Amino acid sequence: MSTIAFIGLGNMGAPMAENLLKAGFSVQVFDLVKEAVDQLADKGAVASDSIEQAVKGAQTVITMLPAGEHVRAVYLGDHSGGVGLLNLIEENTFLIDSSTIDPESARIVAAQAASKGFEFVDSPVSGGVAGAKAGTLTFIVGGTDSAFSKAEQILKHMGKNIFHAGKAGDGQMGKICNNLMLGILMSGTCEALNLGIDNGLDPKVLSNIMLQSSGRNWALELYNPCPGVMDNAPASNQFQPGFMSKLMLKDLGLGLDAAAKSQSSVPMGALARNLYAFHNANGNEELDFSSLFEFYQSKK
Ligand code: NAD
């Protein structure tokens, strides 16, 4: 099996890298947080102290970073001395970025990579930490046909559904549309559950009713935001992430930015974005995004 450099070992990156190890790849890992690197090394990965060390000898590089600024810095370099991995990798190295970022940054990195002879795909994911651990993520890929075929051979070890959304950056656009809807669905799910509780309903009973009715959705089915309804959801674990509220705010902002460019109407997305902005300003940005439930309960 070939060698993969994996950069960004947070809530998502760590279990994704672990699945590559289980599939038999040699995985060279790097994160700014040393403990994250050490935890992967305990599971069989090769620990690296720098991006330069991580990409040395790797045939594929995968990045799983918070936002566009981090992805541009890691690939292209920054003002604090980072030279950018496009200047460090060996000939024919294949590049996959699975972070959720703005399509423009993905297209800039893809173009810079192509100008140096490298293939790059944007390949954001859906499915959350549970999907990352189970290896059942959905990948939404942007890039050429040949890059997509290469990406599939790696991504299939971390996910179940792999879609080719279109050209470079289109994977990000698909993901942004999905998360705009997720932000709206999570807000609506919190709102409906809280309305039921305020009017004397048991949230478990109400959840079951809505799961078998037309209000059924992903948040309700797999990620119930009311504590105690679903044992393995972040809501039943003090809202430990999972998917941090600050990342949802970022994604809804990406949706609004895209809408401004295409002059699309996104009134529900704008409302969801503002709900998350209020919620995060109240000190919740590092909690799971389902903690928005507490926003509705704050009068108690
Ligand atoms: P996270 O904040 O837990 O992890 C990001 C990691 O990147 C951190 O460990 C951080 O130290 C590291 N990092 C930042 N800059 C770095 C650099 N220059 N070099 C090396 N490492 C660096 O975030 P996450 O939840 O793992 O999400 C990662 C991406 O995936 C985000 O774009 C997010 O929007 C997206 N996403 C998350 C989820 C989820 O459920 N958590 C689901 C789908 C998509």
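Residues numbered from 1 in each chain as written. Predicted model: local features only at pLDDT ≥ 70, side-chain atom pairs only at ≥ 80, totals over all residues. Heavy atoms only, no water.

Below, the discussion takes up the packing of helix 4 (residues 68–76) against helix 5 (residues 103–115). At a minimum axis distance of 10 Å, the contact between helix 4 and helix 5 shows a crossing angle of 10°. Between helix 4 and helix 5, the interaxial angle falls into the category roughly parallel. Two secondary-structure elements touch here, helix 4 through Gly68, Val71, Arg72, Tyr75 and Leu76 and helix 5 through Ser105, Ile108, Val109 and Gln112. Here the residues of the contact of helix 4 with helix 5 sort into five nonpolar, three polar and one charged. (Axes fitted to C-alpha atoms, helices over the stretch in contact; angles between N-to-C directions. Helix = DSSP H or I, 4+ residues; strand = E, 2+ residues; numbered from the N terminus. Parallel < 35°, antiparallel > 145°, perpendicular 65-115°, else oblique. Contact = heavy atoms within 4.5 Å. Nonpolar A, V, L, I, M, F, W, Y, C, P; charged D, E, K, R; others polar.)

Turning our attention to the UniProt feature "active site" (unreviewed entry) in the chain. If you check UniProt for "active site" (unreviewed entry), the listed places come out as Lys175 in our numbering. Relative to the assigned elements, Lys175 resides in helix 8 (residues 170–198). The buried category is assigned to Lys175, whose relative accessible area is 6%. If near-sequence neighbours (up to four positions away) are discounted, Lys175 is found in contact with Thr100, Pro124, Val125, Ser126 and Ile140. (UniProt positions renumbered as here; feature names shortened; annotations may be inferred. Buried < 20%, exposed > 50% of the residue type's maximum accessible area, 1.4 Å probe, protein only.)

Attention now goes to unusual backbone geometry. Note the cis peptide between Pro241 and Gly242, where omega equals 5°. With phi around 70°, Asn92 is a residue other than glycine that occupies positive phi space. Looking at where Asn92 falls in the secondary structure, it is placed in the loop between helix 4 and strand 5 (94–97). Residue Asn92 is classed as exposed on the basis of its relative accessible area of 64%.

Counted at 1.5 Å a residue, the expected span for helix 5 with its 13 residues is 18 Å, and the 18 Å between its end C-alpha atoms agrees. Among all positions in helix 5, only Pro103, Ser105, Ala106, Val109, Ala110 and Ala113 are buried. Taken end-on, helix 5 shows its buried residues confined to a sector of 160°, consistent with a single buried face. For helix 5, the elements touching its buried residues are helix 4, strand 5, strand 6 (119–122) and helix 8. (Expected span 1.5 Å × (residues − 1). Arc of directions from axis to C-beta.)

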